[in-house]
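Below are the chains, spelled out letter by letter.
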Amino acid sequence: MMSCAVSYDEPTVARCLNTDEENELRSLLDDRVQFDVPMRRYTTLAVGGPADAVAMPHNIEALGKLFAWIQERKIPWLVVGAGSNLLVRDGGIRGVVIALTPYFKGITASEDDAGRPKLVAKAGTRLQSLCRYTIDRGWGDMTFALGIPASVGGALAMNAGAAQSCMANVLGTITVLWPTGQVRRIHRRDIDFGYRRMCLPAIDGVSDSQSGIIVEGTFHLKRVDSQLLVKKGIEIKKDRKLRQPTGVSSAGCFFKNPVTGPSAGELIDKAGLKGKQVGGAIISPHHANFIINRKNARAADVLALAKCVQARVADHFGVRLEPEVVIAGDSHYAPKSV
Ligand code: EPU
């Protein structure tokens, strides 16, 4: 997902789609579109109200047509990947959600000029599929991503990572569909990557990185001892299971780690918040930087809990924690009037 904005402030309610627009969408996407879709189905935290429409383009042509139509009609849009770093408010999302994981996926392999394995993965490909693909072939550098429940596009947009590495370290180029309709390939060296963030350079005078859609990434890897790779993979998964809750509904770590000093998890833990609950949302007793949807939580429960964490950590340690998850949508549902 391209959007990096994290704010508790509710955006201005924009508009709903009218019946003509819904019909146009059906025809543009050969019926690969659904309306009034609860966003809890598209997020690992499993909260969030309905999106006006979820569009599921299956190739670059369909995505291009959809994006051109969205620009022309000035319809708000949001790209979702695996929805693993996304919190949608209870009122849902006005406009079109573009979901790439259902159809827009695939991996192709070749060799680069230096004879190293080169992979091209479409944005909707699961990062786990990409990881497994490299491990099965004895290609190193991608193991860090084992267990990160993202899509390739989402992982690039957030520069997903773990202690060992991050997406920026394995990337060659990102291909982006720009609002002008052009498909641009951007080299790693021209992209500004940071801790859990990525910013594309200005193209055609458009500088806002939220204006384009990542369609694929190219990765350059190296050949390594495949047995060592398998062993490393097992260790990473074991370590993750030991440290983090698994098999629960969450958005991973909720807050970014502060630039210096103890991690967000340690601060929340030391503030005595493990097990703290609001409605159906709870701070994981396993890892304090995970907010879990334990039982039918609403987005409002999660947000109230997150605010409580921020206030308590600021009070105890003078540190302002910033959400890592992207927060989107409206607090209240705006009924249709078409
Ligand atoms: N800690 C506590 N209490 C807790 C949790 C952690 O005291 O409840 C302490 C740990 O003992 C350790 C320190 O905090 O000394 C750091 O904890 P951990 O090793 O679990 O790493 P983290 O900084 O909390 C980061 C990423 C994770 C990534 C892990 C492993 C962030 C916000 N989190 O977690 O990424 O999986 O390293 O590499 O950068 C995510 O981004 O969603 C995510 C889960």
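Note: the structure precedes this text.
Residues numbered from 1 in each chain as written. Predicted model: local features only at pLDDT ≥ 70, side-chain atom pairs only at ≥ 80, totals over all residues. Heavy atoms only, no water.

Draft legend 1. Examining the environment of I186 more closely. Secondary-structure assignment places I186 in strand β9 (residues 183-187). For I186 and G217, which are 31 residues apart along the polypeptide, the C-alpha to C-alpha distance reads 9.6 Å. Look past the residues within four positions of I186 in its chain and what remains in contact with it is G172, T173, I174, V176, I191, L200, P201 and I203. (Helix = DSSP H or I, 4+ residues; strand = E, 2+ residues; numbered from the N terminus. Contact = heavy atoms within 4.5 Å.)

Draft legend 2. Region of interest: the state of the cysteines. This model, assessed by the stated rule, comprises 0 disulfides. Looking at the unpaired C308, the closest cysteine sulfur is the one in C253, lying at 18 Å. Assessed through its relative accessible area of 22%, C308 is described here as partly exposed. (Disulfide = S-S within 2.5 Å. Buried < 20%, exposed > 50% of the residue type's maximum accessible area, 1.4 Å probe, protein only.)

Draft legend 3. Region of the structure containing the pairing of strand β8 (residues 171-177). The buried fraction of β8 is high, at 7 of 7 residues. Relative to strand β12 (residues 213-220), β8 runs antiparallel, the two being bridged by 6 bridges. Bridge pairing in β12 places T173 opposite T218. The pairing of β8 with β9 spans 5 bridges and is antiparallel. Looking at β9, one finds that T173 is bridged to H187. Between β8 and β9, which pair antiparallel in sequence order, lie 5 residues; one of them, G181, sits at a positive phi of approximately 100 degrees. (Pairing = 2+ DSSP bridges.)

Draft legend 4. Geometry of the sheet that holds β12. Strand order across the open sheet formed by 5 strands is β6-β7-β12-β8-β9, with antiparallel pairing between neighbours. Of all the strands in the sheet, the pair left with one neighbour each is β6 (107-111) and β9. Averaged over neighbouring strand pairs, the angle between their axes works out to 20 degrees when direction is ignored. Note: β6 against strand β7 (residues 117-122), 5 bridges, orientation antiparallel. The partner of T108 across the bridge, within β7, is V120. Strand contacts of helix α2 (residues 60-73): β8, β9 and β12, with the helix running at about 145 degrees to β12, the strand carrying the most contacts. (Axes fitted to C-alpha atoms, helices over the stretch in contact; angles between N-to-C directions.)

Draft legend 5. Quick look at the site of the ligand. Not every one of the 21 residues close to the ligand is listed here, only the nearest: A163, Y195, R243, N257 and S263. The separation between an oxygen atom of the ligand and a polar main-chain atom of C253 is 2.8 Å. Measuring from an oxygen atom of the ligand, one finds a side-chain N or O atom of K274 at 3.3 Å. For the ligand, the protein covers 75% of the area, taking 820 Å² as the surface of the free molecule. The element contributing the most residues to the shell around the ligand is helix α6 (residues 264-270), with 3 residues. (Near = heavy atom within 4 Å. Polar contact = N/O pair within 3.5 Å; in protein donor to acceptor, adjacent residues only side chain to side chain. Areas by Shrake-Rupley, 256 points an atom, 1.4 Å probe, with all protein chains shown as cover.)

Draft legend 6. Here's a closer look at the environment of R184. With respect to the helices, strands and loops of the structure, R184 is situated in strand β9. Residues R184 and V215 lie 31 residues apart in sequence; the distance between their C-alpha atoms is 9.7 Å. With near-sequence residues (within four places) excluded, R184 lies in contact with I174, T175, V176, I203 and D204.

Draft legend 7. Spotlight on unusual backbone geometry. At K74, a position not held by glycine, the phi torsion is positive, near 55 degrees. A positive phi angle is found at D141, which is not glycine, with a value near 85 degrees. Among the structural elements, D141 can be located in the loop between α3 (127-136) and α4 (152-157).

Draft legend 8. α3, seen in detail. Taken residue by residue, α3 has L127, L130, C131, Y133, T134 and I135 as its buried positions. Turning to α3, the residues buried within the fold contact β6, β7, α4, β12 and α5 (226-243). Within two residues after α3, G138 carries a phi angle of roughly 70 degrees, on the positive side.

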